[in-house]
Amino acid sequence: MMVINLSQRVEYLHKQLNAHNYRYYVLNDPIISDAEYDELFHELWRIEEKNPELRTHDSPTQRVGSAPLALFASVQHTVPMLSLSNVFNLSELEAFEKRVRDRLPFSRDKVAYFCEPKLDGLAISLRYEKGVFVCAATRGDGQIGENVTDNCRTIRHIPLKLLGTYPDIVEVRGEVYMPISGFKQLNMRLEEKQEKAFANPRNAAAGSLRQLDSRITARRPLAFFAYGFGEVSAPCALTQQEGLDVLNSWGFPVAKDVFLATSIHACQQYYDFLQKHRHALDYEIDGMVIKVNDFALQESLGFLSRSPRWATAYKFPAIEVSTVIEGVDFQVGRTGALTPVARLQPVSVGGVVVSNATLHNMDEIERKDIRIGDTVIIRRAGDVIPEIVHVVVEKRVGHEEKISPPSCCPACQHSVERVVGETVIRCSRGLDCIAQRKEMLVHFSSRRAMNIEGLGEKLIYQLVDTGLVHTPVDLYRVSVHQLSVLARMGEKSATNIIDAIAGSRSTTLNRFVYALGIRDVGEATALNLAHYFLTLDNLMSASMEDLLKVNDVGPIVAHHIRTFFDDARHQVLVHALIQVGIHWPEIFKHDSDSHIAHKIFVLTGTLVSMTREEAKEKLQSLGAVVSNSISKKTHYLVAGENPGSKIQKRNSLV
Ligand code: IVH
């Protein structure tokens, strides 16, 4: 009889699950499916349920959190957790390097620096005894931190048991952070439950890790990067670079975006690179950490009171700063939507002076309870328009003013409407509103619409403000002289723009439909409409029923299209544009199912139900080619009454 040794099976399952965890969370390269992993996990879970004595603290099942604590216990760090000095520019970086060199006995030699992203999360120290995770502590004041072991146990990037070979005592230092993708999902979940969202991934990471109930931490998408050592019972590496490899081999994720620089100028180059590419990373970084690579040199450099002499943080200019809202303007868009924009006390964010931030809509203002006079935190990510993250409520003095929706359009003073169920407030005056006219013209001339090169927003605003241009039709009547005087530009540049306007007369139906700026009709819809209706007349006279047959067109878009063409001003505009010479090639229906697509037809004689011209158009609209003369290539000859000589020619060819 075979005796099943359960503890051996448990050990086997631990090893398997740890190895698969490592492949998944550290190498990003799993070799089994989630279902296979779950199967192993549940087998272990079942064994432990029936045999609680086999459930150890380092079991892979112990990542779900445990009963809430009353408060966090204190942990004394055996090796203090220090902070880093900061530098903000190249000359400060050079001063750091000089301090390093001055302290080293062989300053003529090259010192190598290891550059790492400065992760914006929380520093943590993880203690392993004989390879088993026993304690996690926050930095606290550097000497005493809080015991967050239960919480860290739920973070799957942190191994519960080290892999490979390791000293008896190991303390791993690193950063707990929340990936940006996980942060976004978490905030969506919180908002759905009408709970307070986190302002940024750092706050979310801190709020999630410092939970007395570790079952909550277990549901938060936290992650971990290792970057150093605390207490170790035996040395593990000679350099920082090697150290990261060792940490990685024990099962810890380490940042990949690292660089070994052989000069301080190479550090600067890598800093520039990181700053440029920081938005491509799925985690937030607020600078670069520069460390003397050689551990022996680190030791001889030693520490200042709170930070090492061998490392510094080269910080990025802040992307989140505080400023004051001086007022709110409502900007009128092409379709009349009024967008609130905050006027800010100018402030530098990430190296760029910012004086406006979008407020999106009134709902957003109410949700964030933004008032004029408020101190707010603004953030600029990548090249996007800055946003207001949150109000600093503590700074309120009582004079802040609530923002009320405008009762009339700020550009044309016409009354505004707010459709029930829509968050947007609109000026419904269309082309009679000067702001909408300007935006409509900007859209009309844009690259994907009529593609008028050189006719930018500024010039269009000038043309409208001086009364030279009211509608797109007027563009085609502006002279080189008018333009050169107005824009104070040379005759050559003015001629180029006028030529570009003239050239735009020759276009396609889909571009023209898109250029009209019908609400919700983007490029793709315009193309579908053109292919379905083939002619502008067909489109303009299409019923709701017909419109709904077009790919991608639902009742709302169909309604916008109908409303647009029912407006007499738009009918006048379209006809005037055709009058000034806008034209496009005819479209043929390329219905590959149609057996007459691409076939060559010749018409002859008098047809009964339609004229030859009508028949020709109809055939062309179905994708057929209509030719005047018969040849060997002709597929069909349509003969009416009195067909003439063509029928004989056909007979001679067969
Ligand atoms: S090494 C002796 N490396 O920056 C100090 N720190 O101000 C050793 N940080 O509290 C720190 N990324 O939370 C180091 N790659 C990195 C880091 C990093 C972020 C944080 C850490 C520390 C703070 C120092």
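Residues numbered from 1 in each chain as written. Predicted model: local features only at pLDDT ≥ 70, side-chain atom pairs only at ≥ 80, totals over all residues. Heavy atoms only, no water.

**What to know about the pattern of salt bridges**
Per the stated rule, a full pass over the model turns up 33 salt bridges. For Asp286, the salt bridge is made with Lys118, and the minimal N-O distance between the two is 3.8 Å. Here Asp286 is found in strand 10 (residues 285–292), whereas its partner Lys118 is found in strand 3 (residues 113–119), with 168 residues between them in sequence. Between Glu231 and Arg127 there is a salt bridge, with the nearest N and O atoms lying 2.9 Å from each other. Here the residue Glu231 occupies a position in strand 8 (residues 223–232), and Arg127 occupies one in strand 4 (residues 122–129), the gap between them amounting to 104 residues. A relative accessible area of 23% places Glu231 in the partly exposed class. Among the charged side chains, a salt-bridge network with shared partners connects Arg127, Glu129, Glu171, Arg173 and Glu231. (Salt bridge = Lys/Arg side-chain N within 4 Å of Asp/Glu carboxyl O. Helix = DSSP H or I, 4+ residues; strand = E, 2+ residues; numbered from the N terminus. Buried < 20%, exposed > 50% of the residue type's maximum accessible area, 1.4 Å probe, protein only.)

**Some remarks on the sheet that holds strand 23 (residues 636–639)**
Pairing is parallel across the open sheet formed by three strands, whose spatial order is 22-21-23. Whereas interior strands pair on both sides, the edge strands pair on one side only; in this sheet they are strand 22 (625–627) and strand 23. Within this sheet the neighbouring strands show an average axis-to-axis angle of 30°, counted without direction. Direction of pairing for strand 21 (residues 600–604) relative to strand 22: parallel, over a ladder of three bridges. Paired with Val602 across the two strands is Ser627, which belongs to strand 22. (Pairing = 2+ DSSP bridges. Axes fitted to C-alpha atoms, helices over the stretch in contact; angles between N-to-C directions.)

**Quick look at the site of the ligand**
Within the structure, the ligand sits among 14 residues, and Glu116, Leu119, Glu175, Tyr227 and Lys291 are positioned closest to it. The backbone of Pro117 places a nitrogen or oxygen atom 3.3 Å from a nitrogen atom of the ligand. One nitrogen or oxygen atom from the main chain of Leu119 is found 3.0 Å from a nitrogen atom belonging to the ligand. About the coverage of the ligand: the protein hides 85% of its 530 Å² of free accessible area. (Near = heavy atom within 4 Å. Polar contact = N/O pair within 3.5 Å; in protein donor to acceptor, adjacent residues only side chain to side chain. Areas by Shrake-Rupley, 256 points an atom, 1.4 Å probe, with all protein chains shown as cover.)

**Quick word on the side chain of Thr358**
Relative to the assigned elements, Thr358 resides in strand 14 (residues 352–358). In terms of polar contacts, Thr358 uses its side chain to reach the backbone amide nitrogen of His360, at 3.1 Å. Excluding residues within four positions of it along the chain, Thr358 makes contact with Thr339, Pro340, Ile385, Pro386 and Ile388. (Contact = heavy atoms within 4.5 Å.)

**A few points about the sheet that holds strand 4**
With antiparallel pairing, the four strands of this open sheet are ordered in space as 5-4-7-8. In this open sheet, the two strands that pair with only one neighbour each are strand 5 (132–138) and strand 8. Within the sheet, the average angular offset between the axes of one strand and its neighbour, ignoring direction, is 30°. Sheet topology note: the strand 4/strand 5 ladder contains six bridges and is antiparallel. Paired with Ile124 across the two strands is Thr138, which belongs to strand 5. Relative to the sheet, helix 6 (residues 201–209) contacts strand 4 and strand 7 (169–177), its axis offset from that of strand 4 by approximately 40°. Contacting strand 7 and strand 8, helix 8 (residues 240–249) crosses the sheet at an angle of about 110° to strand 8.

**A word on the environment of Asp432**
Mapped onto the elements, Asp432 comes out in the loop between strand 20 (425–427) and helix 12 (434–445). A relative accessible area of 39% places Asp432 in the partly exposed class. As for Asp432 and Thr507, which are separated by 75 residues in sequence, their C-alpha atoms are 26 Å apart. Not counting chain neighbours up to four residues away, the residues in contact with Asp432 comprise Arg437 and Arg569. At 2.7 Å, the side chain of Asp432 forms a polar contact with the side chain of Arg569.

**Focus on the packing of helix 21 (residues 555–566) against helix 22 (residues 568–579)**
Helix 22 packs onto helix 21 with a crossing angle of 75° between their chain directions and a minimal axis gap of 5 Å. In terms of orientation, helix 21 lies roughly perpendicular with respect to helix 22. In this structure, helix 21 contributes Phe564, Phe565 and Asp566 to the contact, and helix 22 contributes Ala568, His570, Gln571 and Val574. (Parallel < 35°, antiparallel > 145°, perpendicular 65-115°, else oblique.)

**Comments concerning the pairing of strand 3**
Counting buried positions along strand 3 gives seven out of seven residues, so the element sits mostly inside the fold. Both strand 3 and strand 9 (residues 259–261) contribute to a ladder of three bridges, which runs antiparallel. Pairing of Cys115 across the sheet is with Phe259, part of strand 9. Bridge count between strand 3 and strand 10: seven bridges; the pairing is antiparallel. Following the sheet pairing, Lys118 is matched in strand 10 by Gly287.

**Some words on the nonpolar core**
Among the nonpolar cores identified, the biggest contains 58 residues, and Leu475, Tyr476 and Leu529 are the most heavily contacted of them. Ignoring sequence-local partners within four residues, the contact set of Tyr476 consists of Phe444, Met450, Ile452, Ile501, Ser504, Arg505, Leu577, Val580 and Ile582. Listed in part, the 35 residues of the second largest apolar core include Leu160, Val170, Val172 and Ala206. (Core = buried A, V, L, I, M, F, W, Y, C linked by side-chain atoms within 4.5 Å.)

**Side note on the pairing of strand 10**
Most of strand 10 is tucked away: eight of the eight residues are buried. Where strand 10 lies against strand 11 (residues 311–315), five bridges are found, and the strand directions are antiparallel. Residue pairing in the sheet places Lys291 in a bridge with Ala311 of strand 11.

**With respect to unusual backbone geometry**
Even without being a glycine, Asp520 presents a positive backbone phi close to 65°. Relative to the elements of secondary structure, Asp520 occurs in the loop between helix 17 (509–515) and helix 18 (523–533). In this model, Leu534 sits at a positive phi of 65°, which is unusual for a non-glycine residue. Of note, Leu534 is situated in the loop between helix 18 and helix 19 (536–540). The buried category is assigned to Leu534, whose relative accessible area is 13%.

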